[in-house]
Amino acid sequence: MKRMLSLLLAALTAAALCLSGLAAGLDSFQKVRDYTPGQFTDVPADSWCAANVQTVYEYGIMLGKTDTLFGADGSLTLAQTIVLACRIHSTYYQDGAEFPVSEPWYQSYVDYALKEKLIPGAYSGYDKAVSRASFAQILGAALPDEALGEISSIEDGSIPDVPADANYAAAVYRLYRAGVLTGNDRKGTFTPFQPITRGAAAAIVGRMLVPGQRIAITLVQAPFEPVPVTKLANLKSLRKKTTDAEFRQAYDAAVELVTPLGKLSREEQLYGIAVALRDMVESGQVAYSMSAAHYNDPYGYFVAGVSSCAGCTRATGLCLNILGIPYEHVNENQYAHQWCRVKMPDGSYWICDAYGLYVGPEPAPYQHPYF
């Protein structure tokens, strides 16, 4: 009898554990109030975000600004964004978290967000409007990967205004691939630094919570658009004494070289330029010279096939400028080794030097590791 009771208790315990396991996840989100289509005058039944607004309202995640106004075009603050992420995370994991009254009002949510790693650290300006990039980072952290399965194949670098090396890129790409974010146009433009609207926030949250609302997309890739000759950041230095026709030939050759690099990260672009230019030397297309005509300008490197380190630096610089990357010409017009100094997205500086066989962080300001 005791053995039978033990087995029965074990079975009941296992069943309870299974039921509790089933309780967690997206099924944890349940309706807590009713929604009447059109109850918010600014979200008519045929509005693009109507279904999403209904979801977040019924699930108690977002309320209206008033009983009849959702405020779809209004903004959200950083504090409100953190509150949304905490509600979603706590409900998904059924962790029983409580958010007591605090001073300021959002502090208990910030404490929970820090504890659960929904935010990387404390912020300043919790009452400021939150950007679309920050919203994606914070909200995306509320759910695990298994809740945001990939339904769209979005290649790194394919969202036109989200650089692959941006600190928010991983979060944004994850939500695009899950069908939560769809972009503002067929190219997938995200506008990361624009304030997010409450309507857009409802759409994101609704799709996160209800997989049936997610949208699979295929991005239409915009062709690479080189910076025009007249808008090159270092044009005066690059031209030296070339004629318009000569500089145009060099420009066209450089455009051909950098076009495959247009959608890559800054680091990959620098490596790609240096490797391609160095290959021209190794393959015999460019010979070293400090006396031939055009030895110190891009025409010499790309067309005449002669170059000194000064010419290589300007050829590198032309490639960088075409990609929209400004640079400093280190030791310009001096009898010393020369290279391009490039500011990276994180504020550090890299060297791009095909002749000097180095691409990477400078060891100290304006210092080359080999010269």
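Asks: What is the right way to read helix 2 (residues 50-58) from this model?
Replies: Turn by turn, an α-helix covers 3.6 residues, leaving residues three or four places apart pointing in a common direction. Helix 2 sits mainly inside the fold: 7 of its 9 residues count as buried. Inspection of helix 2 places Ala50, Asn52, Val53, Thr55, Val56, Tyr57 and Glu58 among the buried residues, and these make up the whole buried set. Check the buried side of helix 2 and you find it contacts helix 7 (198-209). Glycine 60 occupies a position one or two residues after helix 2 and carries a positive phi of about 75°.

Asks: Help me understand the side chain of glutamine 39 in this model?
Replies: Within the secondary structure, glutamine 39 is located in the loop between helix 1 (2-23) and helix 2. Since its relative accessible area comes to 19%, glutamine 39 is described here as buried. A distance of 2.7 Å separates the side chain of glutamine 39 from the backbone nitrogen of threonine 36, its partner in a polar contact. If near-sequence neighbours (up to four positions away) are discounted, glutamine 39 is found in contact with Asp34, Tyr57, Asp67 and Thr68.

Asks: So what exactly am I meant to see when it comes to the pattern of salt bridges here?
Replies: Think of it this way: side chains of opposite charge can pair up when their charged atoms draw near. Throughout the structure, instances matching the rule amount to 10 salt bridges. Glutamate 58 is the salt-bridge partner of lysine 31, the closest N and O atoms lying 3.6 Å from each other. Of this pair, lysine 31 sits in the loop between helix 1 and helix 2 while glutamate 58 is found in helix 2, placing the two residues 27 residues apart along the sequence. Here lysine 31 falls in the exposed class, since its relative accessible area comes to 58%. For lysine 115, the salt bridge identified is with glutamate 116, shortest N-O distance 2.8 Å. Here the residues in one salt-bridge network are Glu328, Arg341 and Glu362, joined through shared partners.

Asks: It is not clear to me how unusual backbone geometry should be interpreted in this structure. Could you clarify?
Replies: Note: most residues except glycine have negative phi, and most peptide bonds are trans. A cis amide bond links glutamate 103 to the next residue, proline 104, at an omega of 0°. Mapped onto the fold, proline 104 is located in the loop between helix 3 (78-93) and helix 4 (107-115). A positive phi angle is found at tyrosine 366, which is not glycine, with a value near 65°.

Asks: What is the right way to look at the nonpolar core in this model?
Replies: In this structure, Ile61, Ile82, Ile88, Phe135, Ile159, Val172 and Phe190 are the most contacted members of the largest nonpolar core, which totals 65 residues. Of all elements in the fold, only helix 2, helix 3, helix 4, helix 5 (132-140), helix 6 (169-177) and helix 7 reach the threshold of two or more residues within this core. If you tally residues by element for this core, the top one is helix 3, at 9 residues.

Asks: Explain the environment of threonine 230 to me, please; I cannot follow it from the model alone.
Replies: Inspection of the secondary structure assignment puts threonine 230 in the loop between helix 7 and helix 8 (235-239). Judged by its relative accessible area of 68%, threonine 230 falls in the exposed class. Once the C-alpha coordinates of threonine 230 and glutamate 282 are considered, the two residues, 52 residues apart in sequence, prove to be 32 Å apart.

Asks: Would you mind going over helix 10 (residues 266-282) with me for this structure?
Replies: The end-to-end C-alpha distance of helix 10, which contains 17 residues, comes to 24 Å, matching closely the 24 Å that a straight helix rising 1.5 Å per residue would cover. Among all positions in helix 10, only Gln269, Leu270, Gly272, Ile273, Ala274, Leu277 and Met280 are buried. At its buried positions, helix 10 is contacted by helix 9 (244-258), helix 11 (298-304), helix 12 (309-322), strand 4 (339-343), strand 5 (349-353) and strand 6 (358-361). The positive-phi residue at the C-terminal boundary of helix 10 is glycine 284, with phi of around 85°.

Rules behind the numbers
- Residues numbered from 1 in each chain as written.
- Predicted model: local features only at pLDDT ≥ 70, side-chain atom pairs only at ≥ 80, totals over all residues.
- Heavy atoms only, no water.
- Buried < 20%, exposed > 50% of the residue type's maximum accessible area, 1.4 Å probe, protein only.
- Helix = DSSP H or I, 4+ residues; strand = E, 2+ residues; numbered from the N terminus.
- Contact = heavy atoms within 4.5 Å.
- Polar contact = N/O pair within 3.5 Å; in protein donor to acceptor, adjacent residues only side chain to side chain.
- Salt bridge = Lys/Arg side-chain N within 4 Å of Asp/Glu carboxyl O.
- Core = buried A, V, L, I, M, F, W, Y, C linked by side-chain atoms within 4.5 Å.
- Expected span 1.5 Å × (residues − 1).

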